[in-house]
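Structural description and commentary
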Amino acid sequence: MAIKYRIQYKDIEQVSHVINISADDYTGDVIPVQGRAVFEYNQTDDILEPIRGMGLSVELEANQNLDFSDLYSEQEQTYKVEYYRDSQILFSGFLNSEGYYEDLVNDFWKVTFTALDGVGFLENLSFVDESGFPFSGLMSEIEILRRALNRSKILKSIEANVRINYLGMDTSKCV
């Protein structure tokens, strides 16, 4: 994916923020735009809720020459969004066109999109392989988790650090 739009700013505490919006079919220079982002964790009162995603609200300053209507897509996972705070990536996800909001008050207006990390999409997906066939055979829990997360199209490394071993277990292995 090539970066199409980039928002860069510093907040009141002089912390740098960078938001990159990328598209597969874009070939050109990065377009710098004005805007900001609000990063949010999914809130739930149910401690048994297995899927808890993150969200990012992206606010862009539009005008008559740049209205961001190209970012509206009926296809999910068309535009990838990455959010960096102090050069550390905090969010990687996709624009959700359902969250599109446009304020047409002046010659300059604000366009707001929500971006989702892809974890929330998992609730509505079947547990199948790349060909659409159900998995067969035994899998470890970490393998099941890895295959499910691959369906979100956001590749992340999975790390585990469990310091509990049973008697006779090889100490170089993770529970």
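Residues numbered from 1 in each chain as written. Predicted model: local features only at pLDDT ≥ 70, side-chain atom pairs only at ≥ 80, totals over all residues. Heavy atoms only, no water.

With phi around 55 degrees, Asp86 is a residue other than glycine that occupies positive phi space. Its location among the elements puts Asp86 in the loop between strand S6 (79–85) and strand S7 (88–102). What makes Asp86 partly exposed here is its relative accessible area of 44%. One non-glycine residue, Ser87, lies in the positive phi region at around 65 degrees. Position of Ser87 relative to the elements: it lies in the loop between S6 and S7. Of the residues examined, Ser87 reaches a relative accessible area of 67% and is grouped as exposed. (Helix = DSSP H or I, 4+ residues; strand = E, 2+ residues; numbered from the N terminus. Buried < 20%, exposed > 50% of the residue type's maximum accessible area, 1.4 Å probe, protein only.)

In total, this model carries four aromatic pairs according to the counting rule given. When the centroid spacing of 6.1 Å and the interplanar angle of 35 degrees are considered together, the rings of Phe39 and Tyr83 count as tilted. On the criterion of sequence distance, the pair formed by Phe39 in strand S4 (residues 35–41) and Tyr83 in strand S6 is long-range, its members being 44 residues apart. Residues Phe127 and Phe135 carry aromatic rings whose centres are separated by 4.7 Å and whose planes lie at 50 degrees to one another, so their mutual orientation is tilted. Feature note: the residues Phe39, Tyr83 and Phe91 constitute an aromatic cluster, connected by ring pairs. (Phe/Tyr/Trp six-rings, centres within 6.5 Å; stacked < 30°, edge-to-face > 60°.)

With respect to the helices and strands, Phe108 occurs in the loop between S7 and strand S8 (109–116). Counting along the chain gives 42 residues from Phe108 to Leu66, while the straight-line C-alpha distance between them is 9.7 Å. Not counting residues up to four positions away in its chain, the partners in contact with Phe108 are Ala62 and Asn63. (Contact = heavy atoms within 4.5 Å.)

A few words now on the pattern of salt bridges. Here the structure, examined in full by the defined rule, presents five salt bridges. Lys4 is the partner of Asp70 in a salt bridge, and the nearest nitrogen-oxygen pair spans 2.4 Å. Within this pair, whereas Asp70 is found in the loop between strand S5 (54–62) and S6, its partner Lys4 is found in strand S1 (residues 2–10), the two being separated by 66 residues in sequence. Owing to a relative accessible area of 27%, Asp70 belongs among the partly exposed residues under this scheme. Since its relative accessible area comes to 14%, Lys4 is described here as buried. The partner of Arg146 in a salt bridge is Glu143, with the nearest N and O atoms 2.5 Å apart. Pair noted here: Arg146 and Glu143 are both in helix H1 (residues 141–150), with a separation of three residues, about one helical turn. Among the residues examined, Arg146 registers a relative accessible area of 36% and is labelled partly exposed. In the salt-bridge network here, residues are joined through shared partners; they are Arg36, Glu59 and Lys110. (Salt bridge = Lys/Arg side-chain N within 4 Å of Asp/Glu carboxyl O.)

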